[in-house]
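# Summary of structural features
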Amino acid sequence: MLASSLPANYCTDLHDDQAHKVDKYLHNIQLSDETLMDVSIRFRREMDKGLCRDTNPTAAVKMLPTFVLSTPDGTEQGEFLALDLGGSNFRVLLVKVMADGEQKVEMENQIYDIPEHLKRGSGAELFDHIADCLANFMEKLGIKEKKLPLGFTFSFPCQQTKLDESVLVSWTKGFKSSGVEGKDVVSLLRKSIKKRGDFDIDIMAVINDTVGTMMTCGYDDHNCEIGLIVGTGTNACYMEQMRNLELLDGDEGRMCVNTEWGAFGDDGALEGLRTDIDRELDAGSLNPGKQLFEKMISGMYMGELVRLILVRMTKEQLLFQGKTSTELLTTGSFNTSYIYGIDSDKNEESLASAEKVLRGLGLNPSVEDCIATQRVCQIVSTRAAHLCAAALVAVLRQIRDNKAAEKLRTTIGVDGSVYKNHSEFSRRLHKMVRRLVPDCDVRFLQSQCGSGKGAAMVTAVAYRLAAQNAERQRILNSLRLSREQLLEVKKRMSEEMVRGLSKQTHEQASVKMLPAYVRATPDGTEHGDFLALDLGGSNFRVLLVQVQSGKRRNVKMHHKIYTIPQETMQGTGEELFDHIVDCIANFLEYMGMKGASLPLGFTFSFPCHQSKLDQGILLRWTKGFKASGCEGQDVITLLKDAVRRRQEFDLNFVAVVNDTVGTMMTCGYEDPNCEVGLIVGTGTNACYMEEMHNIELVEGNEGRMCVNVEWGAFGDNGELDDFCTQFDHLVDDCSNNPGKQRYEKMISGMYLGEIVRNVLIDFTAKGLLFRGKLSERLKTRGIFATKFLSQIESDRLAMRQIRSILQHLGLTTSTCDDSVRVKEVCSVIGRRAAQLCGAGLAAVVDKMRQNRNLNQFSITVGVDGTLYKTHPHFSSIMQETLQDLAPQCQVTFQRSEDGSGKGAALITAVACRIKSEEQH
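Residues numbered from 1 in each chain as written. Predicted model: local features only at pLDDT ≥ 70, side-chain atom pairs only at ≥ 80, totals over all residues. Heavy atoms only, no water.

### What about the packing of helix α11 (residues 367-403) against helix α13 (residues 423-436)?
- Where α11 meets α13, the axes come as close as 8 Å, and the angle between the chain directions of the two elements is 40°. What the angle tells us is that α11 and α13 run oblique. Our pair here, α11 against α13, has a crossing hand that is right-handed.
- Class assignment for the residues of the contact of α11 with α13 results in 13 nonpolar, four polar and two charged. (Axes fitted to C-alpha atoms, helices over the stretch in contact; angles between N-to-C directions. Helix = DSSP H or I, 4+ residues; strand = E, 2+ residues; numbered from the N terminus. Parallel < 35°, antiparallel > 145°, perpendicular 65-115°, else oblique. Left-handed = near helix turned anticlockwise from the far one by under 90°. Nonpolar A, V, L, I, M, F, W, Y, C, P; charged D, E, K, R; others polar.)

### Some details on the pairing of strand β18 (residues 599-604)
- Within β18, six of the six residues are buried, which leaves it mostly tucked inside the rest of the structure.
- Because side chains alternate across β18, one face comprises the buried residues Pro599, Gly601 and Thr603, and the other comprises Leu600, Phe602 and Phe604, equally buried.
- Across five bridges, the pairing between strand β15 (residues 528-535) and β18 is parallel. Across the sheet, leucine 533 pairs through a bridge with phenylalanine 602, a residue of β18. (Buried < 20%, exposed > 50% of the residue type's maximum accessible area, 1.4 Å probe, protein only. Pairing = 2+ DSSP bridges.)

### Observations concerning unusual backbone geometry
- The backbone of methionine 513 sits at a positive phi, close to 50°, despite the residue not being glycine.
- Residue arginine 771 is not a glycine yet carries a positive backbone phi of 50°.

### A closer look at the confidence of the model for the protein
- Overall, the predicted model of the protein reaches an average pLDDT of 90, with 96% of residues at or above 70.
- Low pLDDT, under 50, characterises residues 3-10; the predicted model gives this stretch seven contacts beyond four residues in sequence or across chains. (pLDDT = per-residue confidence, 0-100. Contact = heavy atoms within 4.5 Å.)

### Looking at helix α25 (residues 816-851)
- Along its 36 residues, α25 runs 53 Å from first to last C-alpha, staying within 8% of the 52 Å computed at 1.5 Å per residue.
- In terms of residue burial, α25 counts as a mostly covered element, since 32 of its 36 residues are buried.
- Asparagine 853 sits one or two residues past α25 and shows a positive phi near 55°. (Expected span 1.5 Å × (residues − 1).)

### Concerning the sheet that holds strand β12 (residues 408-415)
- The sheet built from six strands is open, its strands ordered β1-β11-β10-β9-β12-β13 with mixed pairing. Of all the strands in the sheet, the pair left with one neighbour each is β1 (64-65) and β13 (440-446).
- Two strands pair when backbone bridges link them, and strand β9 (residues 224-230) and β12 are joined in this way by five bridges, in the parallel orientation. Residue pairing in the sheet places isoleucine 226 in a bridge with isoleucine 412 of β12.

### So, the packing of aromatic side chains
- Applying the stated criterion across every chain, the model contains 24 aromatic pairs.
- Judged by centre distance (5.7 Å) and plane angle (85°), the ring pair of phenylalanine 80 and tyrosine 463 falls under edge-to-face. Taken together, the residues span a long stretch of sequence, with phenylalanine 80 in strand β2 (residues 78-85) and tyrosine 463 in helix α14 (residues 450-477) at a distance of 383 residues.
- Ring geometry for phenylalanine 334 against tyrosine 338: centres 5.4 Å apart, planes inclined by 75°, an arrangement best described as edge-to-face.
- For phenylalanine 334, a relative accessible area of 2% corresponds to the buried category. (Phe/Tyr/Trp six-rings, centres within 6.5 Å; stacked < 30°, edge-to-face > 60°.)

### A look at the nonpolar core
- Ranked by internal contacts, the top residues of the largest apolar core, which has 117 residues, are Leu228, Leu429 and Val433.
- Looking at this core element by element, the count peaks at 21 residues for α11.
- Ranked by size, the runner-up nonpolar core spans 112 residues in total, among them Met665, Tyr751, Leu769 and Ala904. (Core = buried A, V, L, I, M, F, W, Y, C linked by side-chain atoms within 4.5 Å.)

### Examining the side chain of serine 814
- By secondary structure assignment, the location of serine 814 is in the loop between α24 (799-808) and α25.
- Since its relative accessible area comes to 2%, serine 814 is described here as buried.

### Observations regarding the pattern of salt bridges
- For the coordinates displayed, the defined rule picks out 67 salt bridges.
- A salt bridge links aspartate 641 to arginine 644, with the nearest nitrogen and oxygen atoms 3.3 Å apart. Pair noted here: aspartate 641 and arginine 644 are both in helix α18 (residues 635-646), with a separation of three residues, about one helical turn.
- Here arginine 742 and aspartate 732 are joined by a salt bridge, their closest N and O atoms 3.6 Å apart. A residue pair is termed long-range when its members are at least 10 positions apart, and arginine 742 in the loop between α20 (726-733) and α21 (744-747) and aspartate 732 in helix α20 qualify at 10 residues. Each member of the pair arginine 742 and aspartate 732 is classed as buried.
- Each member of the salt-bridge network shares a partner with another, and the members are Glu271, Arg274, Asp276, Arg279, Asp282 and Lys295. (Salt bridge = Lys/Arg side-chain N within 4 Å of Asp/Glu carboxyl O.)

### Remarks on the environment of aspartate 733
- Within the secondary structure layout, aspartate 733 lies in helix α20.
- Measuring from C-alpha to C-alpha, the distance between aspartate 733 and arginine 400 comes to 44 Å, with 333 residues separating the pair along the chain.

### Overview of empty space enclosed by the protein
- For the structure on display, the rule yields three cavities of 30 Å³ or more.
- The calculated volume of the largest cavity comes to roughly 140 Å³.
- Residue lining of the largest cavity: 15 residues in total, with Cys158, Gln160, Ser166, Asn208 and Asn258 positioned closest to the centre.
- Among the elements of the structure, β1, β6 (158-162) and β8 (201-207) are those that each provide at least two residues to the lining of the largest cavity.
- Of the voids in this model, the second largest cavity is the one considered here, and its volume is about 110 Å³.
- Grouping the amino acids of the lining of the second largest cavity by side-chain chemistry returns nine nonpolar, four polar and no charged. (1 Å grid on protein atoms, 1.4 Å probe; cavity = no way out; pocket = protein on both sides within 12 Å on 5 of 7 lines; lining within 4 Å. Points joined across faces, edges and corners; volume = space filled by probe spheres on them.)

### Some remarks on the packing of helix α4 (residues 123-141) against helix α5 (residues 185-196)
- Axis separation between α4 and α5 bottoms out at 9 Å; the angle between their running directions is 60°. Judged by the angle between their axes, α4 and α5 are oblique. The interaxial crossing formed by α4 with α5 has right-handed handedness. On the side of α4, the interface is formed by Ala124, Phe127, Asp128, Ile130, Ala131, Asp132, Leu134 and Ala135, while α5 contributes Val185, Leu188, Leu189, Ser192, Ile193, Lys195 and Arg196.
- Residues of the contact of α4 with α5, tallied by class, amount to 10 nonpolar, one polar and four charged.

### Remarks on the side chain of serine 325
- With respect to the helices and strands, the residue serine 325 is situated in the loop between α8 (299-315) and α9 (336-342).
- Setting aside residues up to four positions removed in sequence, serine 325 forms contacts with Leu361, Gly362 and Leu363.

### Topic: the environment of threonine 275
- The residue threonine 275 is located in the loop between β11 (254-258) and α7 (276-283) in this model.
- We classify threonine 275 as buried; its relative accessible area is 5%.
- C-alpha separation for the pair threonine 275 and isoleucine 29, spaced 246 residues apart in sequence, amounts to 7.3 Å.
- Once residues within four sequence positions are removed from consideration, threonine 275 is found in contact with Asn28, Ile29 and Arg383.

What follows is the structure, encoded as structure tokens:
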């Protein structure tokens with residue numbers, strides 16, 4: 001008698017009664033939230049084992065790299081072929097992807113049969129048959145003449161080494177073709193196509209059905225980064241950070257990982273959860289001890305679990321009055337699809353379903369038997385959904401932690417007969433996932449066209465990535481310098497230096513080679529107290545430097561920083577120099593030295609023409625200074641006039657120097673072999689000790705003198721035109737001094753960020769970055785600070801930190817792939833700057849070597865500047881270039897600590913030492 005004919009309240013009581021009886025019997029199959037959380041944590045540990053190089057060989061969850069590097073971004077377009085092989089028949093598809101204005105996909109497909117004898121015959125015959133079907137399909141559509149890219153969904157366990165190379169580990173699903181296991185299936189297919197010789201295709205990708213599902217859904221929803229299959233089998237894949245994939249080299253960007261989670265528990269990790277029923281099912285399966293997680297979840301086994309429970313309960317007199325039937329005792333007789341009808345939210349229909357199924361199995365069920373069977377189906381299906389949820393939660397947490405997101409928004413693409421046809425299963429799965437990770441906003445998207453379209457999408461993405469990468473490299477190649485080009489830069493720099501030193505050509509030379517009137521570096525006998533002034537920007541420093549000679553020579557410093565107000569920087573020269581003298585007076589008072597007369601060195605980091613050490617004629621203001629009445633005047637005279645106006649103290653002016661010379665002198669005090677100064681900061685410049693007989697602008701041929709190269713202006717006469725790119729021209733055109741300081745604009749911190757910004761804008765306009773969407777902030781000149789370049793290139797910086805820099809620039813939707821591209825742009829531009837600097841330095845040290853007629857020359861370079869000090873790779877690339885272009889010079893680099901202030905005092909100390917030596 002059917003339940004529908006019983007009174008409602010009796011039916012409810014009966015239902016509760018029977019359900020309770022079954023619940024009691026199956027208490028160990030029902031899992032608490034706490035247990036599920038524990039399963040999730042265990043699965044996360046198994047994922048880590050699979051990702052780690054050392055533990056992967058013994059890990060049950062293999063975490064296989066798929067070489068799929070990106071999900072669709074909606075700009076894919078073209079025609080693609082797809083093959084989908086994973087069962088007794090296979091599909092060939094032609095997928096047209098359109099992206100003009102709106103995303104659209106058109107598909108034509110045909111299903112071909114695979115006869116039994118081919119499944120068990122030779123592999124060559126199987127692949128010949130696939131090639132024949134492919135030819136037949138292409139002929140029908142009239143596309144045999146085209147060479148189209150093809151994606152191949154091959155849903156068997158494979159070991160992938162490249163996107164288009166996949167070695168079959170073992171056949172499953174009834175296939176046994178010989179000579180295929182251990183071979184690359186793409187090569188076998190190519191061979192069969194070649195044998196026919198009447199068409200050609202470009203096999204770009206081989207994937208499994210889980211990846212296909214993620215990619216199909218990823219085309220419709222760009223947040224999709226997980227693929228899930230719950231059908232005959234079960235598996236999941238997701239986008240993992242490359243840095244976590246220890247099996248592969250490279251740690252930038254993301255790659256899809258095929259978890260192969262069906263094998264979770266094969267190493268005993270699920271022992272506490274598996275019941276006697278699970279063990280019985282496993283023992284009777286084709287692969288005992290394998291795919292233990294899958295055996296608790298997937299469609300291939302769910303019906304069999306229900307059957308085994310019904311048999312046990314019958315034998316224990318709990319069902320069917322203890323009477324079994326031959327059908328019930330037959331393995332596989334309770335089809336998983338029966339569960340879909342019996343375990344539904346429509347109670348009457350589901351009981352009718354149960355009765356129909358049980359009668360079909362030769363049983364004579366009572367209402368109680370039907371209710372009990374319904375409850376068994378519910379419990380088995382609920383456990384499957386909840387275990388699946390627990391493993392998914394581990395994947396979601398991994399992605400959330402990778403992104404360091406407080407709340408993760410993501411989409412899971414799902415396929416498979418159990419998920420699609422069993423509505424209660426999917427409802428329970430969704431609910432449990434949301435319960436276990438309330439901090440993730442998860443959308444489930446059912447895959448409509450399955451793995452075939454997915455293979456085409458993987459191919460379309462691979463095709464897009466290859467085309468975009470080729471275009472990006474074409475642009476970046478203009479910013480990459482060959483060894484020949486760097487040697488040419490060195491040669492031209494050498495020629496310009498000679499022109500700058502010569503009286504005849506000095507006026508026309510771009511590299512001015514200004515004599516600094518510093519004739520010696522420190523020898524360690526300098527001693528005394530010296531004042532130093534340091535003016536090179538909006539801050540101004542006054543220092544007291546106490547130099548001690550003897551064995552334990554050292555330098556003690558006291559200093560104070562004063563700001564120069566904007567109105568003083570741009571007022572009159574008198575106001576500026578009066579302000580400087582006020583600061584000196586304040587400092588002397590602060591040091592308790594009011595009225596003292598000390599030798600003074602002045603670091604004045606603006607272009608000056610010097611005709612002696614204590615005179616510097618300002619050629620032009622830079623760095624935002626505009627004080628009137630100073631250009632063309634001697635800055636020491638302007639300072640002396642201001643001291644005289646104050647009438648409070650007297651100073652002994654000894655030297656005016658720029659920061660590059662100051663750097664050389666500071667390092668020269670530590671290392672007597674230091675005869676070159678280099679600055680790579682906001683600007684760039686170099687100085688070195690030149691032979692007096694080469695400096696035609698200064699009388700006398702004896703000894704040496706420091707020459708301030710002023711190399712930032714190299715290229716102002718066109719010497720760098722054939723190395724300048726469109727981006728360099730853009731930066732130059734928009735600068736405050738177009739056509740000037742061309743070398744500096746390719747190297748220094750003031751400009752590198754701006755070059756990067758222009759490349760990023762070009763990439764975005766061409767759709768190669770940020771999905772072609774430009775942020776308003778990135779259009780702002782100077783917004784991409786050079787410090788970002790140093791931060792992005794830091795090896796310690798994870799991609800997510802690069803993303804936070806991009807978000808600061810208004811690029812809120814930038815992807816992990818975008819971060820990788822931005823890093824590449826920064827790297828190319830940083831590398832070129834360091835190489836150009838190395839080529840210039842090679843010209844300087846080689847000139848010194850030739851001056852001294854040496855075959856081998858060893859020298860120390862004192863260096864200062866924020867770019868040199870903070871950029872993670874600048875110094876090593878520059879040194880590598882220098883070594884390559886000046887192999888006869890052994891160059892040591894010494895970082896200057898406080899070059900410009902201490903340097904001015906040391907120059908003053910050396911000048912005082914030489915003066916007293918001459919007097920004696």
